[in-house]
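Each chain, letter by letter, is given below.
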Amino acid sequence: MGGGNGSAVTEFVLLGFSGFSYLQVPLFCGVLCIYLVTLLGNTLIILLTLLDPALHLPMYFFLRHFSVVEILYTTTIVPRMLIDLLSSCPTIPPASCFTQLYFFALFGITECCLLTAMAYDRYAAICRPLHYTTLMSQGACVSMVGASYLMGIITGTTHSICIFTLPFHGTNTIHHFLCDILPVLRLASVSTFWGEVGNLAVTIAFIVTPFLLIVASYACILATILGVATSQGRQKIFSTCSSHLFVVMMFFGTGTVAYMRPWADASHDTDQILAFFYTVVTPMFNPFVYTLRNKEVTGAMTRLVKRYLWSP
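Looking at an unreviewed UniProt entry, the chain carries the name Olfactory receptor, with the source organism given as Orycteropus afer afer. UniProt's Subcellular location (unreviewed entry) comment on the chain is quoted here verbatim: "Cell membrane". Checking UniProt for the chain, the heading Sequence similarities (unreviewed entry) contains the comment "Belongs to the G-protein coupled receptor 1 family."

Structure (structure tokens):
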């Protein structure tokens with residue numbers, strides 16, 4: 001194995017949850033179930049928003065792309081995680097680690113940008129309804145989605161190249177279940193100060209800034225809700241935003257804590273628990289949040305079942 005003292009690293013060891021060997025089989029079963037639910041739930045949303053004309057709206061256009069990215073995001077991590085849970089000494093070649101880190105950053109940043117676009121859509125619908133069709137035209141929606149993917153590609157490419165052009169000698173043990181940016185960066189055999197500063201800058205630009213934009217959008221929405229005369233009207237407006245707001249809090253909450261904590265105070269176990277939530281658990285909740293709490297989606301599901309399963 002590479003990684004001896006002074007020798008170039010030829011493979012990395014992903015420690016993951018290997019310190020809890022008695023939990024590896026239950027974890028494997030639990031993660032596999034979560035992954036299957038995530039795939040099925042997000043695939044259902046994609047089909048509903050494609051097949052039902054009532055969902056051919058900007059909000060569901062963004063939601064469809066968000067579900068696509070959720071599937072790709074979890075597939076970047078979970079299959080490898082399942083294999084490692086069954087291994088006594090999980091290793092990963094540098095090329096595979098590079099690939100995982102690239103797609104992890106790509107899809108993670110794309111999700112942040114899509115959530116911001118979805119918040120802007122709600123702001124336009126509630127706060128500027130007379131200009132909604134202009135603000136959220138088909139061209140505008142396609143541009144926002146395209147920009148989200150582009151930001152993800154640029155960030156993933158920049159991070160991956162900057163990290164994997166560094167020399168890796170000596171230790172090859174990653175205290176994580178995936179090739180995340182900081183755990184890999186800390187293994188480099190040169191100073192990583194500027195790399196960590198760059199990671200902080202990206203976190204501020206693509207996690208903190210989108211989150212602040214979302215907060216600003218919902219502050220305007222809240223002001224509009226308070227200005228509505230009837231409680232029924234306020235409830236109707238709030239119901240259109242609550243699903244998105246719940247997902248935002250789960251995704252950005254854990255992500256911000258994970259990447260904004262001081263490096264000296266970082267705990268490997270805490271890092272993994274936080275990462276487990278925003279990479280494995282949160283994507284499973286999204287289909288439930290957007291279907292069970294949304295009458296338009298549940299109605300589309302009913303129509304789809306009647307059309308394709310109950311039709312004579």
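Still to come is the rest of the account.
Draft legend 1. Structural detail: the nonpolar core. The biggest cluster of nonpolar side chains holds 60 residues, and the ones touching the most others in it are Phe62, Met81, Leu115, Phe177, Phe252 and Phe276. Elements with a contribution of two residues or more to this core: helix H1 (24-51), helix H2 (58-85), helix H3 (94-127), helix H5 (138-164), helix H7 (193-226), helix H8 (231-260), helix H9 (268-292) and helix H10 (295-308). A total of 13 residues in this core trace back to one element, the largest contributor, which is H2. One finds Ile163, Phe168, Ile181 and Ala188 within the second-largest nonpolar core, a separate group that totals 16 residues.

Draft legend 2. Fine view of the packing of H2 against H3. For the pair H2 and H3, interaxial distance at closest approach is 9 Å and the crossing angle is 160 degrees. By the criterion of interaxial angle, the relationship of H2 to H3 is roughly antiparallel. For H2 against H3, the interelement crossing comes out left-handed. Residue composition of the contact of H2 with H3, by class: 16 nonpolar, five polar and five charged.

Draft legend 3. Inspection of the sheet that holds strand E2 (residues 91-92) at higher detail. With respect to topology, three strands assemble into an open sheet ordered E2-E1-E3, the strand pairing being mixed. The sheet is open, and its two borders are formed by E2 and strand E3 (173-174), each paired with just one other strand. Direction of pairing for strand E1 (residues 12-14) relative to E2: antiparallel, over a ladder of two bridges. Residue pairing across strands places Val13 opposite Thr91, the latter belonging to E2.

Draft legend 4. Structural detail: the packing of aromatic side chains. Taken as a whole and assessed by the stated rule, the structure comprises 10 aromatic pairs. Note on Phe12 and Phe168: the rings are 5.7 Å apart at their centroids and 85 degrees apart in plane angle, and the pair reads as edge-to-face. Residue Phe12 is found in strand E1, and its partner Phe168 is found in the loop between H5 and E3; the two are separated by 156 residues along the sequence. Considered together, Phe12 and Phe168 belong to a single accessibility category, that of buried residues. Measuring from ring centre to ring centre gives 5.8 Å for Phe103 and Phe107, while their planes differ by 20 degrees; the resulting arrangement is stacked. Here Phe103 pairs with Phe107, and both are found in helix H3, just four residues apart, close to one helical turn. Exposure remark for Phe107: the relative accessible area of 9% places this residue in the buried category.

Rules used throughout
Residues numbered from 1 in each chain as written. Predicted model: local features only at pLDDT ≥ 70, side-chain atom pairs only at ≥ 80, totals over all residues. Heavy atoms only, no water. UniProt positions renumbered as here; feature names shortened; annotations may be inferred. Core = buried A, V, L, I, M, F, W, Y, C linked by side-chain atoms within 4.5 Å. Buried < 20%, exposed > 50% of the residue type's maximum accessible area, 1.4 Å probe, protein only. Helix = DSSP H or I, 4+ residues; strand = E, 2+ residues; numbered from the N terminus. Axes fitted to C-alpha atoms, helices over the stretch in contact; angles between N-to-C directions. Parallel < 35°, antiparallel > 145°, perpendicular 65-115°, else oblique. Left-handed = near helix turned anticlockwise from the far one by under 90°. Nonpolar A, V, L, I, M, F, W, Y, C, P; charged D, E, K, R; others polar. Pairing = 2+ DSSP bridges. Phe/Tyr/Trp six-rings, centres within 6.5 Å; stacked < 30°, edge-to-face > 60°.

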